[in-house]
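Single-letter residue listing:
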Amino acid sequence: MFEQVTAYLGDPIFSLVEQFHNDPNDAKVNLSIGLYYNEQGKIPQLASVKQALSVIQTEQLKKPSLYLPMEGLPAYRSAVLPLIFGKDHPCLLENRVAFAQTLGGSGALKIGADFLHNYYANATVWVSDPTWENHKDIFAGAGFKLKSYPYFDSTTLRVDCKAMLAAIEQAAPQDIILLHPCCHNPTGADITPQQWDTLIPILQQKQLIPFLDMAYQGLGKGLNEDAYAIRAMAKAGLTLLVANSFSKIFSLYGERIGALSVVCEANETAERVQGQLKATIRRNYSSPPTLGAQIVSRVLTEDKLIQTWLQDVEQMRVRINSMRQMLANKLLTLGVSQVEHLTQQQGMFSYTGFNKEQITRLRTNYSIYLLDSGRMCVAGLTNDNIDKIAQAFAALQK
């Protein structure tokens, strides 16, 4: 019956993690998967999450665990929307944002893609070149045609904003433009607020639908700064979709906690979109899990916990930036001249510029694991492994 089914080649990131685990070298280093590690090389449980969890677990013993509504925990909506858009943003005051708790950021992309395909089946989805590979699979899986717009200049290791804007101007009305508002995955190269301000009128004039994927809010410039593009587009009156995730900034990976927000032109429209998001969720997984939403909503709404969490996120951001600077400094002392991109890029990832042959040498000779694209997870750098990594990187360029 299933002889025509082809073999799954595996996800390149998860397959590489498996290869890393099978490497017998005790000094091996995993810079592939997007996980935040602390200075000890461990995935931390945030102090704010631990405190919230202790209270939640006590409360759960007193009542049965029931299904959440299709759109998720109501308190979660109230907590998350101000974080994304700002407490007093007009779109929130006018109640014109449809919202759903989702299964991580990937779930938000999937629900958004399915929702859009119901109404814009002939649209093309434009993604950056390069982008997170699962972006392509999710939107192609929803039935969309895909095109890419230039984004990253592999020579300068920076954003080619001029080429990006020129390509987006060629999109047809009601095409969908997938954008990274901060901490671009996989390059770590972001466009500036001034460049966002140049893009917004193009999106308006061409009647395009921006879909922003924000998985790392707070790990670039800061929580408010990283949401600049989202808030500016909403303020300009654009209809847009936002997928966000709390996997990294809450260190909640297995809980699969994310959200989809759809900014509409009016409250009445938002109510109808809200209903269709619920219908889309019902066709996929019916309702989301409870625990992650309880943790996030409690942390974001209790004064003591949110102050602790803000410190947690800032500590993550500062550590990542310090590792970037330290690696750049060490490479300079080893005779590598092109290091500016390491400190100019933002967030958990950096495009090293290494080719596939160099990446293979890193794995074979040094047990250092990067993706074939050259993407490095900067959060995997620690004081204990950075000398080894710098020496290996320098050796590749001699």
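Student: Tell me what's going on with the nonpolar core, and back it up with residues and numbers.
Tutor: If you look at the biggest cluster of nonpolar residues, it comprises 113 residues, and the most contacted ones within it are Tyr76, Phe85, Phe250, Trp309 and Leu327. Here this core takes 9 residues from helix H13 (residues 303–333), the largest share from any one element. Not counting residues up to four positions away in its chain, the partners in contact with Phe85 are Cys91, Leu92, Val97, Ile230, Arg231, Ala234, Val242, Ser261 and Val263. Within the second largest apolar cluster, 28 residues are counted, among which are Ala108, Phe139, Leu178 and Leu260.

Student: Run through the pairing of strand S9 (residues 240–245), naming residues and quoting values.
Tutor: The element S9 is largely enclosed, with a buried count of 6 among its 6 residues. Where strand S8 (residues 209–214) lies against S9, 4 bridges are found, and the strand directions are parallel. Looking at the pairing, Phe211 lines up with Leu241 of S9. As judged from the 6 bridges shared by S9 and strand S10 (residues 257–263), these two strands associate in the antiparallel manner. Pairing of Leu241 across the sheet is with Val262, part of S10.

Student: Describe the pattern of salt bridges, and please don't skip the residues or the numbers.
Tutor: On inspection of all chains with the given rule, the structure shows 11 salt bridges. Between Asp114 and Lys110 there is a salt bridge whose closest N-O contact spans 3.2 Å. With Asp114 and Lys110 both in helix H5 (residues 104–119), this residue pair falls 4 residues apart, about one helical turn. A relative accessible area of 16% places Asp114 in the buried class. For Lys110, a relative accessible area of 30% corresponds to the partly exposed category. As a salt-bridge pair, Asp372 and Lys356 come within 4.0 Å of each other at their nearest N and O atoms. Here Lys356 lies in helix H15 (residues 356–366) and Asp372 lies in the loop between strand S12 (368–369) and strand S13 (375–377), a separation of 16 residues in the sequence. The class for Asp372 is partly exposed, based on a relative accessible area of 38%. Counted as one network, the salt bridges with shared partners bring together Lys356, Arg363 and Asp372.

Student: Got a sec to walk through the packing of aromatic side chains? Specific residues and values, please.
Tutor: In this structure the tally under the stated criterion is 11 aromatic pairs. Ring plane angle 85° and centroid distance 5.5 Å describe the contact between Phe20 and Tyr369, whose orientation is recorded as edge-to-face. A residue pair is termed long-range when its members are at least 10 positions apart, and Phe20 in helix H1 (residues 12–22) and Tyr369 in strand S12 qualify at 349 residues. The exposure class of Phe20 is buried, given its relative accessible area of 10%. Tyr369 sits in the buried class, given a relative accessible area of 4%. With a centroid separation of 6.2 Å and an interplanar angle of 80°, the aromatic rings of Tyr76 and Phe246 are classed as edge-to-face. Taken as a pair, Tyr76 in helix H3 (residues 74–85) and Phe246 in the loop between S9 and S10 lie far apart in primary sequence, 170 residues in all.

Student: I'd love a proper account of the packing of H3 against helix H12 (residues 291–301), names of residues and values included.
Tutor: Close contact between H3 and H12 brings their axes to 8 Å; oriented N to C, the two are set at 55°. By the angle between their axes, H3 is oblique relative to H12. Regarding H3 and H12, the two cross each other, and that crossing is left-handed. On H12, the residues that touch Ala75, Tyr76, Ala79, Val80 and Leu83 of H3 are Ala293, Val296, Ser297, Leu300 and Thr301. In the contact of H3 with H12, the residues fall into 8 nonpolar, 2 polar and no charged.

Thresholds, definitions, all that
Counting from 1, residues in each chain are numbered in the order their sequence is written. The predicted origin of the model limits local features to residues at a pLDDT of at least 70 and limits the giving and counting of side-chain atom pairs to 80 or more, whereas totals for whole chains, interfaces and linings rest on all residues. With hydrogens and water set aside, each side-chain value is computed from the structure's full complement of heavy atoms. What makes a nonpolar core is a set of buried Ala, Val, Leu, Ile, Met, Phe, Trp, Tyr and Cys residues whose side-chain atoms join them at distances within 4.5 Å. Per-residue accessibility, obtained with a 1.4 Å probe over protein chains only, is compared with the maximum for each type, and a residue is labelled buried under 20%, exposed over 50%, and partly exposed between these values. Under the scheme used here, helices are H or I runs from DSSP no shorter than 4 residues and strands are E runs no shorter than 2 residues, and both carry numbers assigned from the N terminus. Any two residues whose heavy atoms approach within 4.5 Å at even a single point are treated as in contact. Note on pairing: DSSP must find at least two bridges between two strands before they are called paired. In what follows, salt bridge is the name for a side-chain nitrogen of Lys or Arg lying within 4 Å of a carboxyl oxygen of Asp or Glu. The rule is short: rings of Phe, Tyr and Trp, with Trp giving its six-membered ring, pair when the centres are within 6.5 Å, and they are stacked under 30 degrees, edge-to-face over 60, tilted in between. Throughout, an axis means a line fitted to C-alpha atoms (over the contacting stretch in the case of helices), and angles, computed between N-to-C directions, take values from 0 to 180 degrees. Every angle not falling under 35 degrees, over 145, or within 65 to 115 is termed oblique; those three ranges are roughly parallel, roughly antiparallel and roughly perpendicular. Crossing handedness follows the turn of the near helix against the far one: under a right angle anticlockwise gives a left-handed crossing, and clockwise gives a right-handed one. Ten residues, namely Ala, Val, Leu, Ile, Met, Phe, Trp, Tyr, Cys and Pro, are considered nonpolar, four, namely Asp, Glu, Lys and Arg, are considered charged, and the remaining ones, Gly among them, are considered polar.

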